[in-house]
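Remarks on the overall topology
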Amino acid sequence: MTTCYVTTPIYYVNDRPHIGHCYTTLVADVYARFQRLAGGADVFMLTGTDEHADKVVTSAAAHGTTPQEWADRNSEEFRRAFALMGVAYDDFIRTTEPRHKVKVAEYISALMKTGDIYRGEYTGWYDEGQEEYLTETAAKEANFHSPINKKPLVRRTEPCYFFRLSKYQERLLGLIASDAGFVRPDSRRQEVLGRLRQGLNDVPVSRPVTDDPATQWGVRIPGDEAHRVYVWIDALFNYLSVVDTPQRQRLWPARVHFLGKDILWFHAVIWPALLLALGKGLPGTIYGHGWWISEGEKMSKSMGNFIDLERLRAYTERFGLDALRWYLATQGPLGGGDADFSHAKFVETFNADLANGIGNATSRVGNMIDKYFGGVLPADDGVALVPDAASGFDGTSVRGTFEWKGLCAAAAGRVRACLETQDLEGALRAGTGLASKVDLLINVTRPFTIAKRADAEAKRQLGAILYQCAEALRVASVLLSPALTTGMPKLWKTWGCEPAAGATLEALSAFGGEHALMPGQRITKGEILYMRADAAAAFPAAGV
RNA sequence: GCCGAGGUAGCUCAGCUGGUUUAGAGCGCUGGAUUCAUAACCCGGAGGUCGGCGGUUCGAGUCCGCCCCUCGGCACCA
């Protein structure tokens with residue numbers, strides 16, 4: 001069985017969870033759910049927290065607690081955030097866990113053995129007051145004086161461990177240039193290629209351990225207690241450390257790493273180089289998505305317009321979790337640019353796709369089955385369907401135009417194709433497309449008009465139409481379920497069509513196939529799945 | 001400064017290696033039709049000099065040059 005290992009970055013535990021963290025994690029979740037739905041692969045989704053930064057120690061001290069307790073507390077916030085988003089991860093890694101730290105030390109040792117990590121010297125501009133180095137640029141801008149206490153910076157050299165990144169330049173260049181899917185989206189791939197061509201320097205992978213407690217946090221360089229693994233390197237290894245066990249080895253290499261564009265360089269260049277050095281397989285895709293902006297403005301703490309957890313929670317409470325997941329998944333910055341989180345657009349999207357789309361379609365079909373057949377699903381006996389004269393139908397035959405077996409198979413095919421490129425919106429459109437088609441069939445055949453006739457032929461037509469509508473919507477609901485984790489299960493319950501576990505995408509979406517709705521089964525009307533929202537209604541949390 | 005992406009209907013965007021005649025989709029807006037449904041669904045419309053100028057060509061959003069604008073990356077980020 002093939003595997004599909006999906007990851008999010010591990011999040012900096014000093015941050016408060018916000019839309020950025022939630023978005024990346026949701027994308028991974030929807031993608032993983034789609035893959036589980038697709039069947040045939042062993043899907044595993046990982047997220048977690050990055051806890052070895054110096055600031056974790058200082059923040060903990062500032063809050064009168066220990067680094068570990070501080071990390072425990074904040075890591076829990078991320079779990080809560082992802083629970084709010086309805087994310088179903090398979091594991092949650094924390095870099096302070098022994099299972100991770102042990103592996104990091106092993107990897108570093110292995111790389112020291114091969115010479116890919118070597119002891120060298122770092123020279124830079126040191127601010128003695130702040131006990132930190134400034135970058136060449138920052139030092140120059142400060143006129144080589146401390147920006148804090150104004151004392152002159154000193155040129156300082158100290159031992160440091162480096163990773164021989166330069167050695168992998170050509171291989172990485174060849175890899176990224178030849179494999180269009182390795183770094184996505186393509187605009188990011190171009191950026192990486194451009195920067196790669198400018199050359200690579202070896203990168204420091206350690207930082208010194210001093211008397212300062214903040215420097216004593218993290219993983220030590222094996223065999224040299226005076227140095228610890230630079231937190232970024234420590235963090236990158238999480239993807240491997242979690243599955244580097246006898247039971248989980250099969251999961252490597254990862255199918256896709258989802259991350260924000262800010263950390264693309266580490267993931268697209270340094271990480272693959274580390275893996276090459278370790279002799280490990282390379283991930284299939286490094287996906288660097290863009291940012292969310294808020295109501296057209298860049299989000300910033302100073303502006304106070306950050307879309308935080310409270311704001312997201314307000315959206316789920318007002319419009320439902322599905323509404324939020326749908327908006328993020330279909331309108332998000334998965335492509336090259338950034339995306340705008342705007343209240344008006346949120347409501348428009350919710351109304352157009354969920355309320356007026358799948359929600360309304362299931363409502364009208366469920367209602368007609370209830371009204372005309374007492375809630376018992378009729379059969380399609382193959383009777384000829386006649387278009388209503390007033391509908392303006394211009395096809396040659398109704399059954400030819402609404403050839404559901406083919407339409408549903410095509411929809412499933414489209415989902416699979418979209419998954420190849422992590423195109424979540426495209427995959428979800430396969431489902432909304434089917435729902436739209438159902439609306440069309442109703443308009444063309446007008447079952448509510450046929451229902452006014454008393455003859456047997458009318459009853460047969462009515463049954464055929466409604467069966468087709470219901471069964472097509474069943475397929476649509478399956479295809480939409482990776483995003484709509486609340487509403488679709490609700491529908492399945494009232495319609496009695498919970499998808500069988502373990503079935504493949506093709507089997508579940510086969511119209512009239514083995515998982516089809518059965519004539520004679522109960523179709524309960526059920527409650528309205530997505531109530532249309534008023535875009536003009538005040539929404540305090542949106543700041544409008 | 002260097003590298004890259006992009007500027008197409010109110011909004012978000014499709015338009016691959018130039019020629020399916022009057023440049024498309026979705027949403028929004030508007031007119032109509034309809035009532036099974038959540039004022040939903042369906043049909044039609046509104047007409048955007050395809051950033052600007054010049055060029056190549058029988059013919060260019062689609063190629064070339066210059067210019068304007070937006071955005072992203074980089075400037076050895078210990």
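Residues numbered from 1 in each chain as written. Chains lettered and ligands numbered in written order. Predicted model: local features only at pLDDT ≥ 70, side-chain atom pairs only at ≥ 80, totals over all residues. Heavy atoms only, no water.

Details of the protein's contact with RNA strand B
What surrounds RNA strand B is a group of 39 residues, the closest being Tyr133, Thr137, Cys160, Arg364 and Tyr530. Of what RNA strand B places within 4 Å of the protein, 73% of the atoms are sugar or phosphate. One nitrogen or oxygen atom from the side chain of asparagine 443 is found 2.7 Å from a sugar or linking oxygen belonging to RNA strand B. Residue assignment for the surface near RNA strand B shows that the elements contributing at least two residues are strand S5 (132-134), helix H5 (136-141), strand S6 (154-163), helix H7 (186-197), helix H13 (343-373) and helix H16 (424-445). The dominant element in the surface near RNA strand B, judged by the number of residues it contributes, is H13, at 12 residues. Looking at the surface near RNA strand B residue by residue, the classes come out as 15 nonpolar, 12 polar and 12 charged. (Near = heavy atom within 4 Å. Polar contact = N/O pair within 3.5 Å; in protein donor to acceptor, adjacent residues only side chain to side chain. Helix = DSSP H or I, 4+ residues; strand = E, 2+ residues; numbered from the N terminus. Nonpolar A, V, L, I, M, F, W, Y, C, P; charged D, E, K, R; others polar.)

Details of the sheet that holds strand S10 (residues 220-221)
The strand order across the open sheet built from 3 strands is S9-S11-S10, with neighbouring strands paired in antiparallel fashion. Only two strands of the sheet have a single partner each, and these edge strands are strand S9 (206-208) and S10. (Pairing = 2+ DSSP bridges.)

Concerning the pairing of strand S3 (residues 91-94)
Where burial is concerned, the two faces of S3 agree: the one with Asp91 and Ile93 and the one with Phe92 and Arg94 are both buried. With 4 bridges connecting them, strand S2 (residues 41-50) and S3 associate as parallel partners. Paired with glycine 48 across the bridge in S3 is isoleucine 93. (Buried < 20%, exposed > 50% of the residue type's maximum accessible area, 1.4 Å probe, protein only.)

Observations regarding the nonpolar core
The biggest cluster of nonpolar side chains holds 112 residues, and the ones touching the most others in it are Leu328, Phe341 and Ile358. With 15 residues, the single largest contributor to this core is helix H18 (residues 456-480). Beyond its immediate stretch of four places on either side in the chain, phenylalanine 341 contacts Ile19, Trp292, Ile293, Ser294, Glu295, Ile307, Arg311, Tyr315, Leu324, Tyr327, Leu328 and Phe346. Among the nonpolar cores identified, the runner-up in size contains 54 residues, and Phe163, Phe182, Ala235 and Ala268 belong to it. (Core = buried A, V, L, I, M, F, W, Y, C linked by side-chain atoms within 4.5 Å. Contact = heavy atoms within 4.5 Å.)

What about the packing of H13 against H18?
Two elements in contact, H13 and H18, have axes whose closest approach is 10 Å; the angle formed by their N-to-C orientations is 145 degrees. Viewed along their axes, H13 and H18 form a crossing whose handedness is left-handed. Every residue of H18 that contacts H13 at Ile358, Ala361, Thr362, Val365, Met368, Ile369, Tyr372 and Phe373 is listed here: Lys459, Leu462, Gly463, Leu466, Cys469, Ala470, Leu473, Ala476 and Leu480. In terms of residue class, the contact of H13 with H18 is built from 14 nonpolar, 2 polar and 1 charged. (Axes fitted to C-alpha atoms, helices over the stretch in contact; angles between N-to-C directions. Left-handed = near helix turned anticlockwise from the far one by under 90°.)

Nothing here speaks to function; it is geometry throughout.
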